[in-house]
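# Descriptive analysis of the structure
Single-letter residue listing:
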Amino acid sequence: MKRTLVKYRNSAFGRFIYRNQKYAPILFFMGGFIFDTLTLGRIDRVYDTVVLCMHMTLLSITLYLFNTVDEDKWEGSLIAHYSEYFPLAIQFFFGALSSAFVIYFFRSVSMSKTLFFFILLVLLLFANEFLKKKISNKYLQFSIYFFISFTFFAFMIPTLIKEMNTFIFIVSGLISLGCTLALITIIYGSSTVTRAEISLKKLISLILSIYITINVFYYFNLIPPVPLAMDTGLVAHDVRKSNNEYIVTYEKNPWYIFWRKHHVTFHRQAGERVYVFTSVFAPTNLKKSVFHRWKWYNAETRKWEVTDDIDFEVAGGRDRGFRGYTYKNNLKEGQWKVEVITEEELILGIVDFEIKNTSKPYKGGIVRKSF
């Protein structure tokens, strides 16, 4: 094995990697991102579950080996010979897990306050590449590990037990906290180098502060209620069901507004209904009540007023999401939005629009599409 390693280092590829070793961590980090982007699809697929569990398990093992490799017990072993590749492996698993969560969260995020948490998750993909000490900083290692671990269990536990609520989220966080503290304790007790480099009290305080911060985000509805995800949200002139398909008629946007399907201005004739159509993805066998909360902006009080909460149940398993719609008559002109929320009032997405009354049918661009 040692002869193979020497042969690799003397090869053209090995010399290239050595000359460009300062770029290797970011390449492995992005390699993990690209790997998951190309291979992952649904959180409830067996393949996705196995891959994510393998990534999480191997990341934990690699962190342990990386932080204990300088101990005498590993001297002369294969682990010691390949120890220089542990940081690259850690970067790969960080990238792979972060990208998986970005992929899944992206389906849940609307242009609302939940977007803030999504942006934090995206920044995680790149943040450690701009820190001076990078992955060798043990405080950074375990902080990122705990954040990823918390997100992993928040996704995985509801998917496996087919149930999601605030209690499940709290349990997921406590399991993640327990696993992270157990790993830190094992490494701290096994590595003299780790004991010399960090303050256990400071590290645990940092982990607890992250734990509290995530729970505060959840309390203020800043985290999307994964694994539920809103695939589609439209304000429409008409919604009809035919042969298990929903035919939705709505006003289209100009071609250059690609991030929203419907036009933000809804041209309404007298007596016409206003529909809001949504499709919500849920893992197989997971059932959950979802509400459309209709809100109108009162320009005089400068506040959003709730006019209706209309509920329907989401049943998981369909790739394109569970479809449903609500409608209202005789709406006032002005700014409206429909929040798609769970029983715990966690926001899945927001459909916002402005109603303008008109005496003639709108002919600026009407789309009739099946979902």
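Everything discussed here concerns the structure shown above.
This text gives an overview of the structure that appears in the document. Computed from a predicted model, the values in this text were never measured in an experiment. (Residues numbered from 1 in each chain as written. Predicted model: local features only at pLDDT ≥ 70, side-chain atom pairs only at ≥ 80, totals over all residues. Heavy atoms only, no water.)

### Some thoughts on the sheet that holds strand E3 (residues 245–251)
Pairing is antiparallel across the open sheet formed by 3 strands, whose spatial order is E2-E3-E11. Strands at the two margins of the open sheet, each flanked by one partner only, are strand E2 (238–242) and strand E11 (366–370). The mean angle between the axes of side-by-side strands here comes to 15°, regardless of whether they run parallel or antiparallel. As paired elements, E3 and E11 share 5 bridges and run antiparallel to each other. The residue of E11 that forms the bridge with Thr249 is Arg368. (Pairing = 2+ DSSP bridges. Helix = DSSP H or I, 4+ residues; strand = E, 2+ residues; numbered from the N terminus. Axes fitted to C-alpha atoms, helices over the stretch in contact; angles between N-to-C directions.)

### Considering the side chain of Arg268
Mapped onto the elements, Arg268 comes out in strand E4 (residues 265–268). Of the buried charged residues, Arg268 lacks a salt bridge, with Glu272 as the closest side chain of opposite charge at 5.8 Å. Here Glu272 takes part through its backbone oxygen, which lies 3.0 Å from a polar atom of the side chain of Arg268. In this view, Arg268 contacts Val274, Asn329, Asn330, Leu331, Ile355, Lys356, Asn357 and Thr358; residues no more than four positions away in its chain are not counted. (Buried < 20%, exposed > 50% of the residue type's maximum accessible area, 1.4 Å probe, protein only. Lys, Arg positive; Asp, Glu negative; His and termini not counted. Salt bridge = Lys/Arg side-chain N within 4 Å of Asp/Glu carboxyl O. Polar contact = N/O pair within 3.5 Å; in protein donor to acceptor, adjacent residues only side chain to side chain. Contact = heavy atoms within 4.5 Å.)

### As for the packing of helix H4 (residues 46–68) against helix H9 (residues 166–190)
H9 packs onto H4 with a crossing angle of 20° between their chain directions and a minimal axis gap of 9 Å. Comparing the axis directions of H4 and H9 gives the class roughly parallel. Seen along the crossing, H4 lies across H9 with a hand that is right-handed. Between H4, through Ser60, Leu63, Tyr64, Asn67 and Thr68, and H9, the contact on the second element is made entirely by Leu183, Ile186, Ile187 and Ser190. The class makeup of the residues in the contact of H4 with H9 is 5 nonpolar, 4 polar and no charged. (Parallel < 35°, antiparallel > 145°, perpendicular 65-115°, else oblique. Left-handed = near helix turned anticlockwise from the far one by under 90°. Nonpolar A, V, L, I, M, F, W, Y, C, P; charged D, E, K, R; others polar.)

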